[in-house]
Protein chains: 2
Amino acid sequence: MNIREATQADWPAIWPIFHDIVSTGDTYAYKVDTTKEQAEAIWLSAPRKTYVVEEGGAILGTYYIKTNQSGPGSHICNCGYMVSSAARGKGLATSMCEHSQTIALELGYKGMQFNFVASSNKGAISLWNKQGFKTVGRLPGAFNHPVEGYIDALVMFKWLEQPE
Amino acid sequence: MNIREATQADWPAIWPIFHDIVSTGDTYAYKVDTTKEQAEAIWLSAPRKTYVVEEGGAILGTYYIKTNQSGPGSHICNCGYMVSSAARGKGLATSMCEHSQTIALELGYKGMQFNFVASSNKGAISLWNKQGFKTVGRLPGAFNHPVEGYIDALVMFKWLEQPE
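Residues numbered from 1 in each chain as written. Chains lettered and ligands numbered in written order. Predicted model: local features only at pLDDT ≥ 70, side-chain atom pairs only at ≥ 80, totals over all residues. Heavy atoms only, no water.

Taking an unreviewed UniProt entry as the reference, chain A is identified by name as GNAT family N-acetyltransferase belonging to Oceanicoccus sagamiensis.

Shown next, in the form of structure tokens:
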């Protein structure tokens with residue numbers, strides 16, 4: 001398993017993972033009918049960097065890292081992670097989360113924030129808790145879940161090093 | 001005092017208010033050296049709508065409203081408010097906040113969220129509390145204040161109507 005920076009040439013392999021996850025509408029704050037072109041702008045062009053998890057020539061997972069807030073907030077980054085349905089349960093999300101924290105420090109960030117975690121997404125919340133992220137906010141009814149309706153979204157946060 | 005939608009022709013009058021506030025780096029998550037062109041994109045072009053407070057032909061304040069998160073989060077809006085230094089203490093911020101909640105409901109939003117309120121910004125926090133906003137999150141050290149250093153940022157939230 002190899003985690004490397006994504007290139008434009010990886011997009012055809014990343015898109016099915018993005019589409020599979022986003023079209024269900026139960027985890028990410030993207031439109032369920034996000035087009036391939038819109039998705040490329042969101043996942044590959046807009047972030048500061050995008051990475052892929054590769055094994056035997058196949059793309060099994062992907063994540064992005066970007067600055068979460070500009071100006072006085074620019075020392076905190078934001079990441080998003082996606083794992084191919086065929087590759088779940090193999091620890092890829094954990095590997096990507098660990099990798100992203102290393103990259104974040106290399107890029108000069110001091111902390112990482114997840115802005116909008118569906119409170120129904122127990123797997124991700126548990127994983128991030130194990131990685132040292134704390135729930136620092138709860139947005140009441142802010143996530144319109146396709147099955148559960150208006151559920152809370154969590155804000156999760158981790159300092160990657162102590163404040164100076 | 002009249003609150004009306006901003007036009008392109010208002011930008012020369014809005015820009016000094018924006019610049020005056022943002023260049024101090026103590027309230028908004030924009031770069032302190034944001035240029036006039038960047039500011040126009042941020043404040044006038046990117047939001048769903050932008051309003052100005054006008055009195056006797058002068059622009060005394062301005063606010064924007066936009067969708068805070070896409071897809072499953074698109075029922076919650078975000079606003080930002082700015083008052084000219086010459087017009088502070090006259091209740092303009094309160095008037096704009098009330099106006100924005102009416103507009104938000106007209107646009108179909110069900111709630112309003114402020115994502116990144118410097119915890120040092122006591123005036124704004126007090127005003128929003130009076131308007132019914134609750135602090136639903138506290139981001140530790142996420143705001144790099146020019147004098148106080150890394151201080152907490154607050155997430156504030158209000159349902160504009162009860163969840164269905």
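(A) How the structure looks around the overall build of chain A. Each helix and strand counted, chain A has 4 helices and 7 strands in total. Reading chain A from its N end, one meets helices and strands in the order β-α-α-β-β-β-α-β-α-β-β. For chain A, the C-alpha radius of gyration of 15 Å lies close to 15 Å, the compact-globule estimate for 164 residues. Taking the principal axes of the C-alpha coordinates as reference, chain A spans close to 40 × 40 × 30 Å. Within chain A, contacts between residues at least 6 apart in sequence are counted, and of these 61% link residues at least 24 apart. Accessible area for chain A stands at about 7,200 Å²; split by element, carbon and sulfur atoms hold 49% of it. (Helix = DSSP H or I, 4+ residues; strand = E, 2+ residues; numbered from the N terminus. Rg over C-alpha atoms; globule rule 2.2 N^0.38 Å. Contact = heavy atoms within 4.5 Å. Areas by Shrake-Rupley, 256 points an atom, 1.4 Å probe, with all protein chains shown as cover.)

(B) Representation of the relation of the copies chain B and chain A within the structure. Between chain B and chain A, the superposition needs a rotation of 180 degrees and an axial shift of 0.0 Å, giving an RMSD of 0.0 Å. On the angle and the small slide along the axis, the relation comes out as a two-fold axis. Judged by C-alpha distance, B:G137 is the residue of chain B that lies nearest the rotation axis, at 1.8 Å. (Least-squares fit on C-alpha atoms with pLDDT ≥ 70 in both.)

(C) Summary view of the packing of helix α1 (residues 11-22) of chain B against helix α2 (residues 36-45) of chain B. Residue and element names in this part refer to chain B. Close contact between α1 and α2 brings their axes to 10 Å; oriented N to C, the two are set at 100 degrees. Looking at the two axes, α1 sits roughly perpendicular to α2. Counted together, W11, I14, W15 and F18 of α1 and K36, A39, E40, I42, W43 and L44 of α2 form the full contact between these two elements. The class makeup of the residues in the contact of α1 with α2 is 8 nonpolar, no polar and 2 charged. (Axes fitted to C-alpha atoms, helices over the stretch in contact; angles between N-to-C directions. Parallel < 35°, antiparallel > 145°, perpendicular 65-115°, else oblique. Nonpolar A, V, L, I, M, F, W, Y, C, P; charged D, E, K, R; others polar.)

(D) Quick look at helix α3 (residues 92-106) of chain B. For α3(B), which comprises 15 residues, the first-to-last C-alpha distance of 21 Å matches the rise-based estimate of 21 Å (1.5 Å per residue) to within 8%. Downstream of α3(B) by a residue or two, B:G108 has a phi angle that is positive, lying close to 95 degrees. (Expected span 1.5 Å × (residues − 1).)

(E) Structural detail: the packing of aromatic side chains. Applying the stated criterion across every chain yields a total of 32 aromatic pairs over all chains. On the numbers, 5.5 Å between centres and 20 degrees between planes, the contact of B:F18 with B:Y30 is stacked. With B:F18 in helix α1 and B:Y30 in the loop between α1 and α2, this pair connects stretches of sequence that are 12 residues apart. The exposure classification of B:F18 matches that of B:Y30, with both residues buried. Feature note: the residues A:W11, A:W15, A:F18, A:Y28, A:Y30, A:W43 and A:Y64 constitute an aromatic cluster, connected by ring pairs. (Phe/Tyr/Trp six-rings, centres within 6.5 Å; stacked < 30°, edge-to-face > 60°. Buried < 20%, exposed > 50% of the residue type's maximum accessible area, 1.4 Å probe, protein only.)

(F) Quick peek at the pairing of strand β5 (residues 111-118) of chain B. Residue and element names in this part refer to chain B. Within β5, 7 of the 8 residues are buried, which leaves the element mostly enclosed by the surrounding structure. In this sheet, β5 lies alongside strand β4 (residues 76-83) in parallel orientation, the contact comprising 2 bridges. From the neighbouring strand, I76 faces β5, where its bridge partner is G111. Chirality of the crossover, the property in question, places the unit of β4, α3 and β5 among those that are right-handed. In this structure, β5 lies alongside strand β7 (residues 149-159), joined through 6 bridges in antiparallel fashion. (Pairing = 2+ DSSP bridges. Right-handed = clockwise from strand over helix to strand, strands pointing away.)

(G) Inspection of the confidence of the model for chain A at higher detail. Residues with a pLDDT of 70 or more make up 98% of chain A, whose mean pLDDT is 96. Interface scoring of the predicted complex returns ipTM 0.94; its pTM is 0.95. (pLDDT = per-residue confidence, 0-100.)

(H) View of the environment of B:E55. Relative to the assigned elements, B:E55 resides in strand β2 (residues 49-55). Separated by 53 residues in the primary sequence, B:E55 and B:N2 place their C-alpha atoms 6.4 Å from one another.

(I) Quick peek at the interface of chain B and chain A. With 31 residues of chain B at the contact, the number on the chain A side is 31 residues. For the pair chain B and chain A, the summed buried surface comes to about 2,300 Å²; carbon and sulfur atoms form 65% of the total. Remark: the boundary between chain B and chain A carries 0 salt bridges. Linking chain B to chain A there are 8 residue pairs in polar contact (both at pLDDT 80 or more). Of all the elements in the fold, those that place two or more residues in the side of chain B that touches chain A are β5, β6 (134-145) and β7 of chain B. It is β6(B) that contributes the most residues to the side of chain B that touches chain A, 9 residues altogether. Residues that form the side of chain B that touches chain A fall into these classes: 16 nonpolar, 11 polar and 4 charged. (Buried area = accessible area lost by both parts, 1.4 Å probe. Salt bridge = Lys/Arg side-chain N within 4 Å of Asp/Glu carboxyl O. Polar contact = N/O pair within 3.5 Å; in protein donor to acceptor, adjacent residues only side chain to side chain.)

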